[in-house]
Amino acid sequence: MGSQRPTSRSDLRTLKSYHSPQMEVEVRLNTNESPLPPPVGFMENLAKEIMGLSLNRYPDRSASRLRERLAGRYELDARQVFAANGSNEVIQSVLLAFGGPDRSMALFQPTYAMHGQIARTTATRVVSGRRNEHFLLDPALVVSLVEAERPEILFLCSPNNPTGAMDSDGLVEIALDAVGKYGGLVVVDEAYGQFAPTSALEQVAEDRALLVTRTFSKTWALAGIRLGYLLGPSWCVEELEKVILPYHLGAVTQLAGVLALDHEVEMSARVESLVAERERLSSCLEELGVTVWPSSANFVLFRPESGPRNRVWSGLLDRSVLVRDFSSGEGLNGCLRVTIGTQEENDRFLVALREVLA
Ligand SMILES: *Cc1c(COP(=O)(O)O)cnc(C)c1O
């Protein structure tokens, strides 16, 4: 009997799996989830309608009801909507169809780690540019990176995770012009789009190589359902349908998405109160003397200016408050990211931080 173990693809061996600690704490402010469960009315409808599902049958493969509802919501056609198990699976589908060996994807650091991770697992080469010291993107830098590298996919993230910054108005147009010279694709990850004042969604059209991704995980308080989608030209969506597995989106997931869209008013009210809490938390952080970056999302990036890097994060954890530690992240020296929670959670965080900094 041989004892040699099989090895994975050589390009995966140095790759680490995505890691965000899941710990039992009283105040969990580390993964940008909604602090509140979905509305009770939604849960009741979901429970009731699940009874009517034929779970012995495969789900609607084209998720047509969900896609039609989303299309109606954004005044597009159902053929311009693609849905999957979380926007991470949406992004993976984009990379499978438009990336791959001998192709490249451009992104701008610091940004959401999964973009680069998914590129690597699909054997797509990553070319990185840098955001400036305020974490903003210089359009001239975007254009020069595109001209030098001609990436098949240009990834933007606005508001950007983990910095919270929005890209400037007009950047998408500039990016589309630049990649249009050789047939590239622009993807804007808008996981936090509803918390921000502007969006690239209005620019989605059949004659533009632009995809905008969104998720039910943050605004819609449905991280546990795993549902994300993108809006873009139908000829792009057709390519994505070739790489996705048949029946990938379960019947319960599709149903949850459709029913959630009936509760837009409640969801919008939550977004508004989270935005108000974000502004309150940001000014309290400034009063505590930590550096705070302006955010258009449901989290705030900040940097304590004294003491050893990890001390603040573990001091908060000692007080049962979990935030995300980016202190050793590229370009994020000493930074932590706090998700906006309920008013009570945010107050607990502020009290704990005041103690740790004292
Ligand atoms: C949270 C997040 C996502 C969402 O991922 P899902 O798979 O939809 O839960 C996507 N992009 C960014 C930038 C995020 O922060």
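Below, the structure is looked at part by part. As the structure is a prediction and not an experimental result, all values here were calculated from the model.

Cut-offs applied
Residues numbered from 1 in each chain as written. Predicted model: local features only at pLDDT ≥ 70, side-chain atom pairs only at ≥ 80, totals over all residues. Heavy atoms only, no water. Pairing = 2+ DSSP bridges. Helix = DSSP H or I, 4+ residues; strand = E, 2+ residues; numbered from the N terminus. Contact = heavy atoms within 4.5 Å. Axes fitted to C-alpha atoms, helices over the stretch in contact; angles between N-to-C directions. Buried < 20%, exposed > 50% of the residue type's maximum accessible area, 1.4 Å probe, protein only. Arc of directions from axis to C-beta. Salt bridge = Lys/Arg side-chain N within 4 Å of Asp/Glu carboxyl O.

**Remarks on the sheet that holds strand 9 (residues 291-292)**
What the five strands build is an open sheet, ordered 1-11-12-10-9; its pairing is mixed. Here the strands that pair on one side only, and so sit at the sheet edges, are strand 1 (27-29) and strand 9. Two strands pair when backbone bridges link them, and strand 1 and strand 11 (residues 321-325) are joined in this way by three bridges, in the parallel orientation. Residue Arg 28 lies in a different strand from strand 11, and its bridge partner there is Leu 322. Most of the contacts of helix 10 (residues 311-318) go to strand 11, to which it runs at about 155°, and overall it touches strand 11 and strand 12 (336-339).

**Quick look at the environment of Leu 70**
Turning to its location among the elements, Leu 70 is positioned in helix 2 (residues 64-73). With 13 residues separating them in the primary sequence, Leu 70 and Ala 83 have C-alpha atoms 9.5 Å apart. The contacts of Leu 70, once residues within four sequence positions are left out, are Val 81, Phe 216, Tyr 229 and Leu 261.

**Observations concerning helix 7 (residues 234-243)**
Listed as buried for helix 7 are Ser 234, Cys 236, Val 237 and Leu 240. Taken down its axis, helix 7 places every buried residue within 150° of arc, on the same side. On its buried side, helix 7 packs onto helix 2, strand 2 (81-84), helix 3 (87-98), strand 6 (185-189), strand 7 (210-215) and strand 8 (228-231).

**Description of the pattern of salt bridges**
Inspection of the entire model under this criterion finds 17 salt bridges. With a closest N to O distance of 3.4 Å, Glu 149 and Arg 125 form a salt bridge. Of this pair, Glu 149 sits in helix 5 (residues 139-149) while Arg 125 sits in strand 4 (residues 125-130), and the two are 24 residues apart along the sequence. Residue Glu 149 is classed as partly exposed on the basis of its relative accessible area, which comes to 30%. Taking the relative accessible area as the measure of exposure, Arg 125 reaches 45% and is therefore partly exposed. Its salt-bridge partner being Glu 190, residue Arg 214 comes within 2.8 Å of it at the nearest N-O pair. One end of the pair, Arg 214, is in strand 7; the other, Glu 190, is in the loop between strand 6 and strand 7, and 24 residues separate them in sequence. Look at Arg 214 and you get buried, because its relative accessible area is 5%. Exposure remark for Glu 190: the relative accessible area of 3% places this residue in the buried category.

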